[in-house]
Amino acid sequence: MNEIEAIRQRHSVRNYLDKKIEKEKVDRLNVLIDECNKAGNLHFQFIEDAGKTFNKLLNRVMGLGTAPSVIACVGKDDETLDERVGYFGEKIVLAAQNLGLNTCWAGTFNRKNIAAKINDGERLAIVIAIGYGQNPGKEHKSKKFEEVTVINGDRTDAFDKGVEMALLAPTAINQQKFEIVLNADGTVTFTDKGGTLSRIDLGIVKYHYEVGSRSVTE
Ligand SMILES: Cc1cc2nc3c(=O)[nH]c(=O)nc-3n(C[C@H](O)[C@H](O)[C@H](O)COP(=O)(O)O)c2cc1C
């Protein structure tokens, strides 16, 4: 699986075909979801029939009501949940892209209608709409490298590639309110500059950065 390709091809898709995801692909997604749940102490659930999860007015205006399926991003509720959700959720989003599927993270949805199991001590942080898109989506307007980085050390190809991939990450309302700091000792720190669901954004951005920088050092 080439995640760099998936990052380049992925865009949020809000209008879906009336077509179910094949069992073989659902099975593959569920294997990955199980792995992520173990690694991230999460309780993500693939829900085949999105039902009325996206029946809010805003969803219908944007088109998300057409999504056939949904992934409920549930996990043990602590201060790290949103970031873990973003990190592992994006891993699943990129795998879905490689399976020929389309996705859209959605903070706006109807919590009353989703068939998710939320145990005591858990929280449903966000959902991911998933299915076959009517279109591939389109590239988002992006901040520039200089606008999201603080450089206090020597830049490397791995750092540059990480930032390039981070700039392609989905963020709530395309806010891109993150900062990637290259420290003098070569370590990298990620800062959340606040905003709607920005801790989830940060987890997503970290995942993209890692995919990018790893592709150079591999
Ligand atoms: C945490 C988060 C929440 C989002 N919530 C919604 C949403 O409720 N409705 C929607 O249509 N898009 C939502 N999006 C999708 C963003 O609008 C989209 O990622 C952004 O505009 C960048 O576009 P791209 O994903 O095509 O690169 C969300 C994205 C993220 C990361």
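Please read these numbers as outputs of a predicted model, since none were measured by experiment.

Regarding the overall build of the protein
Step number 1: The number of helices and strands found in the protein is seven helices and seven strands.
Step number 2: Listed by position from the N terminus, the elements making up the protein come as α-α-β-α-β-α-β-β-α-β-α-β-β-α.
Step number 3: Taken over C-alpha atoms, the radius of gyration comes to 17 Å for the protein, in line with the 17 Å a tight globule of 218 residues would show.
Step number 4: Once the C-alpha set of the protein is aligned to its principal axes, its extents read approximately 50 × 40 × 30 Å.
Step number 5: Buried residues in the protein amount to 41% of all 218 residues.
Step number 6: The long-range fraction of contacts in the protein, counting pairs at least 24 apart against all pairs at least 6 apart in sequence, stands at 77%.

Some points on the domain arrangement of the protein
Step number 1: When the domains of the protein are assigned, the result is domain 1 (3–131) and domain 2 (145–217).
Step number 2: Between the C-alpha centres of domain 1 and domain 2 there is a distance of 23 Å.
Step number 3: Of the residues lining the interface, 17 residues belong to domain 1; the matching set on domain 2 comes to 17 residues.
Step number 4: Among the elements of the structure, helix H1 (3–9), helix H4 (81–98) and strand S4 (122–131) are those that each provide at least two residues to the side of domain 1 that touches domain 2.

What about the sheet that holds strand S3 (residues 102–106)?
Step number 1: Taken together, the four strands give an open sheet; going across it, the order is S1-S2-S4-S3, and neighbouring strands pair in antiparallel fashion. Either end of the sheet is taken by a strand with one partner, and the two such strands are strand S1 (45–47) and S3. Going from strand to strand, the sheet's axes swing by 25° on average, the running direction of each strand aside.
Step number 2: Pairing of S3 with S4 involves five bridges; the strand directions are antiparallel. When the sheet's bridge partners are listed, Ala-106 is paired in S4 with Val-127.

Focus: the packing of H4 against helix H7 (residues 198–217)
Step number 1: Where H4 contacts H7, the axes come no closer than 6 Å and their chain directions differ by 45°. Between H4 and H7, the angle falls in the class oblique. Both H4 and H7 take part in a crossing whose hand is right-handed. On H7, the residues touching Asp-82, Glu-83, Arg-84, Val-85, Gly-86, Tyr-87, Glu-90 and Lys-91 of H4 are Arg-199, Ile-200, Asp-201, Leu-202, Gly-203, Ile-204, Lys-206, Tyr-207 and His-208.
Step number 2: For the contact of H4 with H7, the class distribution of residues is six nonpolar, three polar and eight charged.

Reading the values: the criteria
- Residues numbered from 1 in each chain as written.
- Predicted model: local features only at pLDDT ≥ 70, side-chain atom pairs only at ≥ 80, totals over all residues.
- Helix = DSSP H or I, 4+ residues; strand = E, 2+ residues; numbered from the N terminus.
- Rg over C-alpha atoms; globule rule 2.2 N^0.38 Å.
- Buried ≥ 20, exposed ≤ 12 C-beta atoms within 10 Å, placed from the backbone.
- Contact = placed C-beta atoms within 7 Å.
- Domains from an automatic or database assignment.
- Pairing = 2+ DSSP bridges.
- Axes fitted to C-alpha atoms, helices over the stretch in contact; angles between N-to-C directions.
- Parallel < 35°, antiparallel > 145°, perpendicular 65-115°, else oblique.
- Left-handed = near helix turned anticlockwise from the far one by under 90°.
- Nonpolar A, V, L, I, M, F, W, Y, C, P; charged D, E, K, R; others polar.

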